[in-house]
Each structure stands twice: as structure tokens, then as C-alpha cells.
Amino acid sequence: MKHCLKVRLYWILHYALLALFVVFALFPLYWLVKVSITPNDLLYSEGVRLWPSHTTFAHYVSVLRHTAFPLFFRNSVIVAGATSVTSTLIATAAGYCFSRFSFTGKFLIVGVLMVTQMFPLVMIVAPIFRLLSPLGLTNSLTGLVIVYTAFNVPFATFLMQSFFDAVPRDLEEAAMIDGASRFRAFRSIIVPLTLPGLAATLGFVFTAAWSELLFALMLNSSSDASTFPVGLLAFVSKFSVDFGQMMAAGVLALLPVCAFFLLIQRHLVQGLTAGAVKG
Amino acid sequence: MAAISIKGVCKKYGTVSVLRGIDLEVRDGEFIVLVGPSGCGKSTLLRLIAGLEEITTGEIRVDNRVINELAPKERDLAMVFQSYALYPHMTVRENLRFGLSLRGIPRERMEMLVQGVSEKLGLTGLLERKPRQLSGGQRQRVAMGRAIVREPKAFLFDEPLSNLDARLREQMRYEIRRLYLELRTTSIYVTHDQVEAMTMADRIVVMNDGIAQQVGPPQELYDDPANLFVAGFIGAPAMNLLEATLREDSGAPGDVTVMIGSEALAAVQRPSSMPVTGRVIAGIRPERMSFGADANGIPAEVDLVEATGIGMIMHIKAGGQLLKIYTTDRIKFRSGDRLAMHIDPLDLLLFDVDSGKRLRPLSQGAAHP
Ligand SMILES: Nc1ncnc2c1ncn2[C@@H]1O[C@H](COP(=O)(O)OP(=O)(O)O)[C@@H](O)[C@H]1O
Ligand SMILES: [Mg+2]
């Protein structure tokens, strides 16, 4: 009886803590949605109420109709999409090499990749700007894709390598003896088995590129080539902040990420726990 | 089917020599077993033949064609892995079909071959399952099926049974051997289990330390080991290896007496190369020793008796050394009992203490009774 009670208490505490964490994590999101549908005249008078006395979609309408936000949004989709696909392709190739081959200079290359992850990016904004501007890659989406890819490839490579490490070598060796070339074995055997890892990497890079602000702000000053995080700043004017529109834009910006993760989440859960159990 | 010829093959990983000059002629349709302790280089040799590792020096030929530089897929061999290496995302049918489809075999023929093999191996009911839904024995069969469905030039097996429990291992051993007798495809089978080696092989290669110690039919290796390593490795319970000295016999001129401690073990023909110190290792199989309670014979004391069901292993102490006697008689000896043992001089094998090489009598060739 006493034991039973102890177990119950344990689980109650367990769920209480989890609930606390979920509330803590989701409350800002809730506030985002709440403010985005609060009419401007209620924003300050009912500022601390959990739910406004009446709601409106006016902010959404004006964000979509009267601001450049749809353009920023499009730019972000292009940049994040291209970055995630390019980075994942490079990381897949590099991760496979690190996992399967030993070659001269491997240690050095891994070391250099690690080093790139070790200092704050602010430090290299200026040099990067100086490098890209003569090439005409500032104020350009291509420039952003290149920079983001460069910064995301190292981590993505290590991520992919760990997924390849979890696939036994026997499998591709069996395929090669069965008559496959190394590339064919990779395509028919290794890739299907690392799909969860690919999804995880894709998702990770996409989110990183989607929400990047520093380089997007520094490299691209023209609004034609701005991404939405920069666009959000436009709602901050000298004298006021248009919270309603800003939050509406924020909610809109969340949608693609949510959709993306919904799409890959089945693979993702597998991916993040892969290696925990032996296939 | 194909003959495989291995000439002076060495393999180094960095500065570490794993294989140190392997020579082996595998005849067309022969079942060869590579046996040796773990780490002796068996898998490495198999992987060199399969093309999964590069040969450092030496040459491997299949059907008289040098294959050193060929990619695995061009060698047309099949391999069964210890882990089975079934493709986890494919059904049994797809696993069997994979190698066939890579070779561009037409669909109908492919289905026919898969059907034939799955009937032969009792896999027909399992074709739509994924590997993880199979038991160990079934996985083993699928791995076999994947190898034979392609009708390759030769089979390579890397400890295919060591993940199975003892009973299943015995059954699969039988099934693999039956299958081989039916197909007669050249096979190289790696194992560390000398019982597997003895029961399955046409010829055994005993390996140690990257060197082939002896090559020959199972019975020959058992009766006539070339050195101490083979003598000690082949046979269970293992051969008794005793520290002995040779004493010049005053009686017969061609004979020497093998002594352990102060006890004379037997008088044997003088070896062709007599060790200067007179010290040798004397080997005798536990089942070749007889014993009794009588007084004439070498006196010994029973240390421990183990019953194996089929027979008894009696650990005894004689001349200050421990040795084993194996007998299928129901014996009544107990610890501490005294007995006398008898040895037929022909059963006594002598080995050089330093090199481990067999010391053969002058007159005797290689043959043993
Ligand atoms: N890729 C490798 N790099 C370095 N050493 C290796 C490699 N593969 C095997 N070895 C070494 O070679 C020796 C023989 O290995 P292996 O052929 O697998 O032995 P066995 O199959 O007889 O147990 C072992 O000592 C092992 O450590
Ligand atoms: Mg091995």
C-alpha cells in the first residue's frame, strides 16, 4: 500500500514537472498568438489579460496586404530551403567519408571543422562582408545561402556521420559482394536506413537558416533581399513598435517550420533515438 | 564453381602484419575450413578474397585469373556474415532478389530462382517478412539463401554459426554440409570452433598468428599434427602435452626412452634430429591412453573425474605433471585413487621445445598408423 502511494506520488510529481516545463516553453508562443489577434485599442488597456475581450484578424490582413512581408517570407523560404538541401547533401557525402574511410589528413579536416564551431559568428561578419561584396554576393539570396551552408555543414556533417556510424559496415559490404558498386550500396542500402538521420539534419539546418538574423541583417541591406527575421525589425519604428502586426508576422513565420516538422516528425523521433537500440 | 589460389599473401594494417605469407590452393568444389584462435587473421584472409580489403603483397587467383585489383562485385563470390547482414528494410524476398536484380536477371527467372531457393531452405512462408521478424536460425537460412540464389563461383563463410545457440548450431552445421554436398560449390569457411572445422571440412587450414600452420584433411591434422600449435588446437579434450626428456636407450640402438620426471613413459624410435638438451614436449591424446589398477605401468594419482555423459575425463597426476585421460568406460576411480597408465609408443608424438616442430623418427615418413 505504502509502496503504491510512493509510486503514485512519483508519477504525480513527474507530470507536474513536465506540465510546468511545457507551460514555460509554450507560454511565449501563446502570447504571440494572443497579441496578434488583439485589436490595437485593447493592446495596452487589456495588456495583462490572458484573452482579450474581442479579437480581430486585422493585423494579419494588413501584414499580408500592406507590408513587404510576403516578399520577405518568400526570400526566407528560398534561402532556408536551398541552405538545408545543399548543406544536407554536402554533410551526407562528408559524413559518409568520415564514417567509412580512413585517409591522410582526416584528423586535420575534422579538427578544422571543429574549430569553425568554436567562436561567435559576430567576429567574422566584417571579413565575410568584405569577401562577398566584390563578388556581388551581398544584397543577394545566393550570398546568404553560401554563408549559411558554410556555417551549417560542419555540425550537419558530424550529425550525419553519427547516423552512418550506426549502420553496420557488414550491410554495405554484403551489398557490394552481392554485386553493387559502393555508390549503389550507398543508395540502396545505406540511404534508406539513414532516412531518419537525413530528416533530422534537414530539419536542423532549415530551422537554423530560417531564423538567422545577424548575417541576413548585415549582408543584405536592400529590402528586396531581406528575409523575414529582418522584416520583423521593420515593425519597430523610431517612435513606436507595431506589436500587433509584428506578432501576426511572427505567427505566419512559424507556419512553414511547423509544417516542415510535422512532415518529418515520424522520422525525426526515430532519428534522434537511433543507435539506442540495435537493429 | 572455381579453384582459388592464394600465393604469398600478406596483409599489413599500418606497420602491423596481420597475415604473413599465406599459401593455399583451394581446389574446384572443395570445402575448406580456416580455423584458428580469435585474432589470428581468418576474417582478414576471407575479406581479402572477397575484395573488401586490399592485399598488401601476394596474389589471389580465381580460376587462374588474378583478382587482386577487382572490385568485390566483379569477383562473383558470395559471403555469409556472422551478423548475417540482412538488409533490414527489405523483406526476405527482396533480400534474396537484391543480388539477382543487380545482375539484370529477368523478372520471371528471378522469381523462379527465389522460389527454388526458398523451397530448398524452407523459407517459403517467410518471404514477405522483414529480417527483424525472424528468429536467429531463420535469419541464418535467409543469409544462406542470399548466397546460393546467385549461384556464385564460391561461398565465403565468416563464422556463420557463432551467433546461434549450441543445438541450433549443430543443426545448421549439418544443413550447410548437406547443402554443400548437393551444390558442390567451392567454399571457404571460417570458424574458431575446431569441432565445426573437423566435422565440415574436406581440408582444414589451421591458422595462428597470420601463418597457416598446417593444411590437410581433418583426420590427418588430428593424427599427424605438424607442430605443437596444431596438436594443442585440434581435438577436445585437448592433447596432453608433457615436458619430457629423451634418454639414450642402452637396449635397442635405434631407440630412446621418453621420460617425464623420473618415470619412463615409453621407448620410441630415435627422432631424426635429436635436440641437444634432450628436452622435448611429448604429446598424447587423452583417448589413446589406457589404465588399470595393476602395478605394471606408469604410476599415477587421480586428481579429479569429470563425467561428460558419453564418457569420462579423468585428470591425473604422473611424474609431477597433470594430464587427462578420456574414456568411454564407466570407471569407478575417485580423487586420490592410484592407478597405472599404459601408453602405446606409436601414440606418442614428440615436439621440439623451442620451435614447436614435430620431431619425427628417422625411418618414419609422414605416415602414422
Ligand atoms: N581494419 C583494421 N585495422 C587494424 N587492424 C585490424 C583491422 N582489421 C583487423 N585488424 C587486426 O587484425 C587481426 C586479425 O583480425 P581478424 O582477421 O578479424 O581475426 P579473426 O577473424 O581470425 O578473429 C586482429 O588482431 C585485428 O585487431
Ligand atoms: Mg573473425
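Please read all numbers here as calculations on a predicted model, not as lab measurements.

Chemist: Please clarify how the domain arrangement of chain A should be interpreted in this entry.
Modeler: How big an interface is tends to be expressed through the accessible area that disappears when the partners come together. All names here are of chain A. Its domain assignment divides chain A into domain 1 (1–56) and domain 2 (66–277). The centre of domain 1, based on its C-alpha atoms, is set 32 Å off from the matching centre of domain 2. Listed per partner, the contact involves eight residues of domain 1 and eight residues of domain 2. Here domain 1 meets domain 2 over a buried area of about 590 Å², counting both sides, of which 79% is carbon and sulfur. Here domain 1 and domain 2 share zero residue pairs in polar contact (both at pLDDT 80 or more) between them. Contributing elements (two or more residues each) for the side of domain 1 that touches domain 2: helix 1 (2–36) and helix 2 (40–43). At five residues, helix 1 tops the list of elements feeding residues into the side of domain 1 that touches domain 2. Among the residues forming the side of domain 1 that touches domain 2, the class breakdown is six nonpolar, two polar and no charged.

Chemist: Could you clarify how one ought to interpret the packing of aromatic side chains in this entry?
Modeler: Given two aromatic rings, their pairing is described by the distance between the two centres and the angle made by the two planes. Overall, the coordinates contain 31 aromatic pairs over all chains when judged by the stated rule. Between A:F206 and A:F260 the ring centres are 4.6 Å apart and the planes differ by 10 degrees, which places this aromatic pair in the stacked class. Here A:F206 is found in helix 9 (residues 182–210), whereas its partner A:F260 is found in helix 12 (residues 243–273), with 54 residues between them in sequence. Looking at A:F206, the relative accessible area reads 8%, which means it is buried. Look at B:F31 and B:F157: their rings are 6.3 Å apart centre to centre, the planes differ by 25 degrees, and that puts the pair in the stacked class. With B:F31 in strand 3 (residues 31–35) and B:F157 in strand 7 (residues 154–158), the pair connects residues that are 126 residues apart, well separated along the chain.

Chemist: Mind showing me how you'd approach the pairing of strand 17 (residues 312–318) of chain B here?
Modeler: In regular strands, side chains alternate between the two faces of the sheet. All names here are of chain B. Among the seven residues of strand 17, six are classified as buried, and the element is accordingly described as predominantly covered. In terms of strand pairing, strand 16 (residues 298–307) meets strand 17 through six bridges, oriented antiparallel. Bridge assignment links E306 to a residue of strand 17, and that residue is I313. Between strand 16 and strand 17, which pair antiparallel in sequence order, lie four residues; one of them, G309, sits at a positive phi of approximately 95 degrees. Bridging between strand 17 and strand 18 (residues 321–327) involves seven bridges; their strand directions are antiparallel. The partner of K317 across the bridge, within strand 18, is L322.

Definitions and cut-offs
- Residues numbered from 1 in each chain as written.
- Chains lettered and ligands numbered in written order.
- Predicted model: local features only at pLDDT ≥ 70, side-chain atom pairs only at ≥ 80, totals over all residues.
- Heavy atoms only, no water.
- Domains from an automatic or database assignment.
- Contact = heavy atoms within 4.5 Å.
- Buried area = accessible area lost by both parts, 1.4 Å probe.
- Polar contact = N/O pair within 3.5 Å; in protein donor to acceptor, adjacent residues only side chain to side chain.
- Helix = DSSP H or I, 4+ residues; strand = E, 2+ residues; numbered from the N terminus.
- Nonpolar A, V, L, I, M, F, W, Y, C, P; charged D, E, K, R; others polar.
- Phe/Tyr/Trp six-rings, centres within 6.5 Å; stacked < 30°, edge-to-face > 60°.
- Buried < 20%, exposed > 50% of the residue type's maximum accessible area, 1.4 Å probe, protein only.
- Pairing = 2+ DSSP bridges.

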